[in-house]
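# Architecture at a glance
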Amino acid sequence: MMRSHAVLDSPAAQQPEWPDPCALRDVVDELAGQPPLVSPRECDRLLAKLASVAAGEAFLIQGGDCAETFAEAVPATYGGKVRVLRQMAGVLGASMRLPVVTVGRIAGQYGKPRSSATETRGGTVLPSYRGDAVNGMDFSAQERTPDPRRLLQAYRAASDTLMWLRDFAGEEFFTSHEALLLPYEMGLSRTDFLTGRRFGSSGHMLWIGERTRSLDGAHVEFAAGVCNPIGVKLGPTASPADVLALIERLDPDRQPGRITLITRMSAGKIRDVLPPLVEEVTANAPAVTWVCDPMHGNTFSSPSGYKTRRFDDVLDEVVGFFEVHRALGTHPGGLHLELSGEAVTECVGGSLPVTMESLGQRYETACDPRLNRDQALELAVAVGKLTRS
Ligand code: PEP
Ligand code: CO
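It should be emphasised that the depicted structure is a prediction, and the values quoted were computed from it without experimental measurement. (Residues numbered from 1 in each chain as written. Chains lettered and ligands numbered in written order. Predicted model: local features only at pLDDT ≥ 70, side-chain atom pairs only at ≥ 80, totals over all residues. Heavy atoms only, no water.)

Looking now at the overall build of the protein. Within the protein one finds twelve helices and 14 strands. For 389 residues, the compact-globule estimate of 2.2 N^0.38 gives 21 Å, and the C-alpha radius of gyration of the protein, at 20 Å, lies within 12% of that figure. Counting only C-alpha atoms and orienting by the principal axes, one finds that the protein spans roughly 60 × 50 × 40 Å. By residue count, 57% of the 389 residues in the protein fall in the buried class. Taking the contacts inside the protein whose residues are at least 6 apart along the sequence as the reference set, 75% of them involve residues at least 24 apart. Only carbon and sulfur atoms are counted for the fraction: they give 53% of the accessible area of the protein, which is about 15500 Å². When the 40 positive and 48 negative side-chain charges of the protein are each reduced to one mean point, those points stand 2 Å apart. (Helix = DSSP H or I, 4+ residues; strand = E, 2+ residues; numbered from the N terminus. Rg over C-alpha atoms; globule rule 2.2 N^0.38 Å. Buried < 20%, exposed > 50% of the residue type's maximum accessible area, 1.4 Å probe, protein only. Contact = heavy atoms within 4.5 Å. Areas by Shrake-Rupley, 256 points an atom, 1.4 Å probe, with all protein chains shown as cover. Lys, Arg positive; Asp, Glu negative; His and termini not counted. Charge placed at Lys NZ, Arg CZ, Asp CG, Glu CD.)

The structure is reproduced here in structure tokens:
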């Protein structure tokens, strides 16, 4: 109770302007009456695996869509992603001779932070698309108005996806998403009847985004109150003091596996900005897991206006990440990727290259550009070689 008041009393960044607070409250109550999507025992199992990553005894591959959509919450789509993640795990596990933990950006990645609250087209200003859990992508007032009933649709899509994942991928596949939409996360937080601990039942691992990691903000307050493994995205402006304060707040007991620091610095900056963070954190909190997100620092617009990323920049940021950890004697714990199981054309490069001109052929992402299946496997092979040399 105390916790949820503290979350509600803290400033919450990146929340939609829900037009009807009563309707939102009804939805939160309805979510609170639903079965949990994941169990605390499953979360603990992932925590133990992440502790082995932090100890240098395993590697993490986390990936999936930037933004999942309800229309694509079908086995053909998430099955393709699970397959790519597993193939990458096979390649990297063999090269590194380490067990690989696979975690999907799956069954919950339905809400997005946006750099601008509104979008303007031809003089019309409407709320930005914030993910299927909030509003629709079509540029009309009706679609773009946030609708809290969509949070229930998100729950159902996640529930269907998880049912299938449990059947197809079994116990060793875990889910994760950005814990962005606080009504959804709070509606799905539960007390574990066996231990009395609070846990987020919306996914095994929850992460806090680069735009919502303010120390006194509601997202950090929420994450501090649940016992799931927690990820924190760190962009190039994160200072060692910021990171240590977040660790202190989220993991005062320094529980191995609890904190995964997901750095997204850009290929150009990682070699300069990562070393001081790793040095300070290692001195104060040695059991955190370091993961490289080589996607979010490397986005730009193509001449024809597609948001894209270069395969070579993605690979270069990963190479820089490994170089820094190798130089400091710390463990490069894993990769966090936006990828599709299909032959989409959203990132340029790769050995069956997607070109600036061919981006339009299959540009299907609802938000950021993803590696396609071939690019994802090529990355795994390249990183595998790197770790062998
Ligand atoms: C994301 O992972 O899609 C995202 C928005 O990342 P970040 O918070 O690192 O910008
Ligand atoms: Co993204």
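This part takes up the pattern of salt bridges. Opposite charge on two side chains makes pairing possible when the charged atoms of those side chains draw close. The full count for this structure, using the stated rule, is 27 salt bridges. Among the salt bridges present, the one from Glu210 reaches Arg213, with a minimum N-O distance of 3.0 Å. Connected through shared salt-bridge partners, Arg105, Lys307, Arg309, Glu338 and Asp368 make up one network. (Salt bridge = Lys/Arg side-chain N within 4 Å of Asp/Glu carboxyl O.)

Time to look at the packing of aromatic side chains. Summed over all chains, the structure comprises six aromatic pairs. Ring geometry for Trp164 and Phe168: centres 4.5 Å apart, planes at 15°, overall stacked. Residue Trp164 and its partner Phe168 are located together in helix 6 (residues 149-168), separated by four residues, close to a single helical turn. Between Tyr306 and Tyr363 the ring centres are 4.7 Å apart and the planes differ by 40°, which places this aromatic pair in the tilted class. Residue Tyr306 is located in the loop between strand 12 (299-301) and strand 13 (307-309), and its partner Tyr363 is located in the loop between strand 14 (334-338) and helix 12 (373-388); the two are separated by 57 residues in the primary sequence. Residue classification places Tyr306 among the partly exposed residues on the basis of a relative accessible area of 26%. (Phe/Tyr/Trp six-rings, centres within 6.5 Å; stacked < 30°, edge-to-face > 60°.)

To continue, consider the coordination of the cobalt ion (ligand 2). The cobalt ion (ligand 2) binds to the protein through Cys66 (SG), His296 (NE2), Glu338 (OE) and Asp368 (OD); the donor distances cover 2.1 to 2.4 Å. Mapped onto the polypeptide sequence, the residues donating to the cobalt ion (ligand 2) form the spacing pattern C-x229-H-x41-E-x29-D. One end of the pair, Cys66, is in the loop between strand 1 (59-64) and helix 4 (75-96); the other, His296, is in the loop between strand 11 (289-292) and strand 12, with 230 residues separating them in the sequence. (Donors = N, O, S within 2.8 Å, 3.2 Å for Na, K, Ca; no water.)

Right, let's talk about the packing of helix 4 against helix 6 for a bit. Where helix 4 meets helix 6, the closest approach of the two axes is 11 Å, and the angle between their N-to-C directions is 45°. When the interaxial angle is binned, helix 4 and helix 6 end up oblique. Taken as a pair, helix 4 and helix 6 cross one another with a handedness that is right-handed. Across from Pro75, Tyr78, Gly79, Val82 and Arg86 in helix 4, the residues of helix 6 making contact are Asp160, Thr161, Trp164, Leu165 and Phe168. (Axes fitted to C-alpha atoms, helices over the stretch in contact; angles between N-to-C directions. Parallel < 35°, antiparallel > 145°, perpendicular 65-115°, else oblique. Left-handed = near helix turned anticlockwise from the far one by under 90°.)

Glancing now at the site of ligand 1. With respect to spatial proximity, the complete set of residues near ligand 1 consists of Cys66, Arg105, Lys112, Pro113, Trp207, Gly209, Glu210, Arg211, Lys233, Arg264, His296 and Glu338. Arg264 has a polar side-chain atom sitting 2.7 Å from an oxygen atom of ligand 1. Glu338 places a side-chain nitrogen or oxygen 3.0 Å from an oxygen atom of ligand 1. Out of a free accessible area of 300 Å², ligand 1 has 97% covered by protein chains. The residue makeup of the shell around ligand 1, split by class, is three nonpolar, two polar and seven charged. (Near = heavy atom within 4 Å. Polar contact = N/O pair within 3.5 Å; in protein donor to acceptor, adjacent residues only side chain to side chain. Nonpolar A, V, L, I, M, F, W, Y, C, P; charged D, E, K, R; others polar.)

This brings us to the sheet that holds strand 2 (residues 100-105). Spatial ordering of the closed barrel is given by 1-2-5-8-9-10-11-14, a layout of eight strands whose pairing is parallel. When strand polarity is set aside, the average angle formed by the axes of neighbouring strands in this sheet is 25°. Pairing geometry for strand 2 and strand 5 (residues 173-178), over four bridges, is parallel. Bridging across to strand 5, Arg105 finds its partner in Ser176. (Pairing = 2+ DSSP bridges.)

Turning next to the pairing of strand 5. A regular strand carries its side chains on alternate faces of the sheet. For strand 5, a buried count of six out of six residues is recorded, marking the element as mostly surrounded by other parts of the structure. Covered by surrounding structure in strand 5 are Phe173, Thr175 and His177 together with Phe174, Ser176 and Glu178, the residues of both alternating faces.

Summed over the entire model, instances satisfying the criterion amount to zero disulfides. With no disulfide of its own, Cys227 lies 6.6 Å from the sulfur of Cys43, the closest cysteine sulfur. With no disulfide of its own, Cys367 has Cys66 as its nearest cysteine by sulfur position, at a separation of 3.7 Å. Given the relative accessible area of 11%, Cys367 is considered buried. (Disulfide = S-S within 2.5 Å.)

Let's shift gears to the side chain of Ser340. Structurally, the position occupied by Ser340 is in the loop between strand 14 and helix 12. Within the structure, Ser340 has its side chain in polar contact with the backbone nitrogen of Glu342 (distance 2.9 Å). Here Ser340 is in contact with Lys81, Val84, Arg370, Leu371, Asn372 and Arg373, once residues within four sequence places are set aside.

Below, the discussion takes up the packing of helix 2 (residues 21-32) against helix 6. Close contact between helix 2 and helix 6 brings their axes to 8 Å; oriented N to C, the two are set at 20°. The orientation of helix 2 relative to helix 6 falls into the category roughly parallel. Between helix 2, through Leu24, Val27, Glu30 and Leu31, and helix 6, the contact on the second element is made entirely by Arg149, Leu151, Leu152 and Tyr155. Looking at side-chain class alone, the contact of helix 2 with helix 6 contains six nonpolar, no polar and two charged residues.

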